[in-house]
Amino acid sequence: MIKKFIPALLIIFIFSSISYGANSDDIYVRKDVFDAKMEAQFNKLHGEIQALESRMVGMFDKLAGRLDGIDKRLDGMEKRIDSTNNFLYYLLVLLGALLILPSVNKWLEGRKEVKKYMTLEEVRRLIEENNMKIRPEYASAK
């Protein structure tokens, strides 16, 4: 049985491939027709590429415009932050000056009280005041 089966399969495989090889759907085109079709296809692709390129340029221009707007907004925000920082620095300087002002005032008053020279009458008066503090009996004797 196998002796009959194998030749039958071989015959089927051989004739089926021959029938496919004999039937050809090849279409032959003249060179000038082929060149004309290729030129038309090339022109169509070239037009689509140019249209796509022009759309991309438009999109990049819009994107550049938006980036310029964002850049301007960031510059404005940076100026506002700088002005806020300056205000805070001025406020800190003012508070520091208000805190130091009493001690500076006291120092200036102390400088006004100190004199470089004293009169003879002032020296006598100071001696008498000190004697009264040291010896209370001296004050009662006067």
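Residues numbered from 1 in each chain as written. Predicted model: local features only at pLDDT ≥ 70, side-chain atom pairs only at ≥ 80, totals over all residues. Heavy atoms only, no water.

Participant: What's the story with the overall build of the chain in this structure? I'm lost.
Facilitator: Tallying secondary structure elements over the chain gives four helices and zero strands in all. Its helices and strands taken in sequence order, the chain reads α-α-α-α from the N to the C terminus. Each of the 142 residues in the chain was classed as buried or not, and the buried ones make up 0%. Per element, the accessible surface of the chain, about 14,300 Å² overall, is 65% carbon and sulfur. (Helix = DSSP H or I, 4+ residues; strand = E, 2+ residues; numbered from the N terminus. Buried < 20%, exposed > 50% of the residue type's maximum accessible area, 1.4 Å probe, protein only. Areas by Shrake-Rupley, 256 points an atom, 1.4 Å probe, with all protein chains shown as cover.)

Participant: Any chance you could explain the pattern of salt bridges here in plain terms?
Facilitator: When charged atoms on two side chains of opposite charge get close, those side chains can pair. Per the counting criterion, the structure on display carries three salt bridges. Salt-bridge contacts for R30 lead to D32; the nearest nitrogen and oxygen are separated by 3.2 Å. With relative accessibility at 48%, the residue D32 sits in the partly exposed group. (Salt bridge = Lys/Arg side-chain N within 4 Å of Asp/Glu carboxyl O.)

Participant: What is the right way to look at a negative patch on the surface in this model?
Facilitator: On the surface, a cluster of negative charge is contributed by D68, D71, D75, E78 and D82. Note that D75 resides in helix α2 (residues 31-113). A relative accessible area of 39% places D75 in the partly exposed class. (Patch = residues over 30% accessible without salt bridge, like charges linked within 9 Å, V, L, I, M, F, W, Y side chains within 5 Å. Lys, Arg positive; Asp, Glu negative; His and termini not counted. Charge placed at Lys NZ, Arg CZ, Asp CG, Glu CD.)

Participant: Explain the environment of S103 here, please?
Facilitator: Looking at where S103 falls in the secondary structure, it is placed in helix α2. According to the relative accessible area criterion, S103 is partly exposed, its value standing at 44%. At 2.8 Å, the side chain of S103 forms a polar contact with the backbone oxygen of I100. (Polar contact = N/O pair within 3.5 Å; in protein donor to acceptor, adjacent residues only side chain to side chain.)

Participant: Teacher, can you tell me more about a nonpolar patch on the surface here?
Facilitator: Side chains of I2, F5, I6, L9, L10, I11, I12, F13, I14 and F15 sit close together on the surface and give an oily, nonpolar patch of about 1,100 Å² of accessible area. Topologically, L9 is positioned in helix α1 (residues 2-22).

By themselves, these figures tell us nothing about what the structure is for.
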